[in-house]
Structures are given as structure tokens and as C-alpha cells.
Amino acid sequence: MKTLHNILRFYIDGFREMTLGRTLWAIILIKLFVLFAVLKLFFFPDLLAGKSEDEQARYVLENLIDHEP
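Worth saying up front: this structure is predicted, and the values here are computed from it rather than measured.

> I tried to follow the packing of aromatic side chains on my own but got confused; where do I start?
Aromatic ring pairs are described here by two measures, namely the spacing of the ring centres and the angle between the planes. Summed over all chains, the structure comprises 2 aromatic pairs. Their ring planes at 80 degrees and their centres at 5.4 Å tell us that F10 and Y11 sit as a pair that is edge-to-face. Look at Y11 and you get partly exposed, because its relative accessible area is 49%. One residue, K51, lies across the ring of Y59, its end atom 4.1 Å from the ring centre.

Structure, rendered in C-alpha cells:
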């Protein structure tokens, strides 16, 4: 338990003393937000929204099956 406490204190002290690191972490978090939130809204629409469970199942089944002519 003492080892875990020492590791935790090491990281807490390290983050507390950061100056440039805080700015870099802020940039990283903003980029992750843009990638996962904003891009999802614009490029990955919810195609199953507003459909019943049967309609959803039918839609998925039709799009999973490779339709050969």
C-alpha cells in the first residue's frame, strides 16, 4: 500500500509543478474533443434514429447482406 501511495504522490506532485505541461494537456484534450464530438456530429449521422426495433433490425440486416445481382 505504501508503494501505491508513493506512486500516487509522485504523479500528483508532478502535475502540480507543471507549467508548460498544463498547456500541452489542454491542447491534447481540446483535440480529442474535436475528434470525438464535433466530427461525430457532422460525419457519422445516426441512421437508426427514429426507427422502431423491427425497422432497425431490418435496416441492419439489409446492409450487412451483400446483394448479388
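> What should I look at first to understand the pattern of salt bridges in this one?
If the charged atoms of two oppositely charged side chains come close together, the side chains can form a pair. Evaluated as defined, the whole model comprises 2 salt bridges. Residue D13 is joined to R16 by a salt bridge in which the shortest nitrogen-to-oxygen separation is 3.2 Å. Pair noted here: D13 and R16 are both in helix α1 (residues 2–17), with a separation of 3 residues, about one helical turn. Accessibility expressed as a relative area gives 33% for D13, which makes it partly exposed.

> Help me understand the environment of D54, please; the structure alone is not making it clear to me.
Looking at the element boundaries, D54 is found in helix α3 (residues 53–64). Overall, D54 belongs to the exposed group, its relative accessible area being 56%. A sequence separation of 49 residues divides D54 from H5, and the C-alpha atoms of the two residues are 53 Å apart.

Cut-offs applied
Residues numbered from 1 in each chain as written. Predicted model: local features only at pLDDT ≥ 70, side-chain atom pairs only at ≥ 80, totals over all residues. Heavy atoms only, no water. Phe/Tyr/Trp six-rings, centres within 6.5 Å; stacked < 30°, edge-to-face > 60°. Buried < 20%, exposed > 50% of the residue type's maximum accessible area, 1.4 Å probe, protein only. Lys NZ or Arg CZ within 6 Å of the ring centre and 35° of its normal. Salt bridge = Lys/Arg side-chain N within 4 Å of Asp/Glu carboxyl O. Helix = DSSP H or I, 4+ residues; strand = E, 2+ residues; numbered from the N terminus.

Don't take any of this as a statement about function, it's just geometry.
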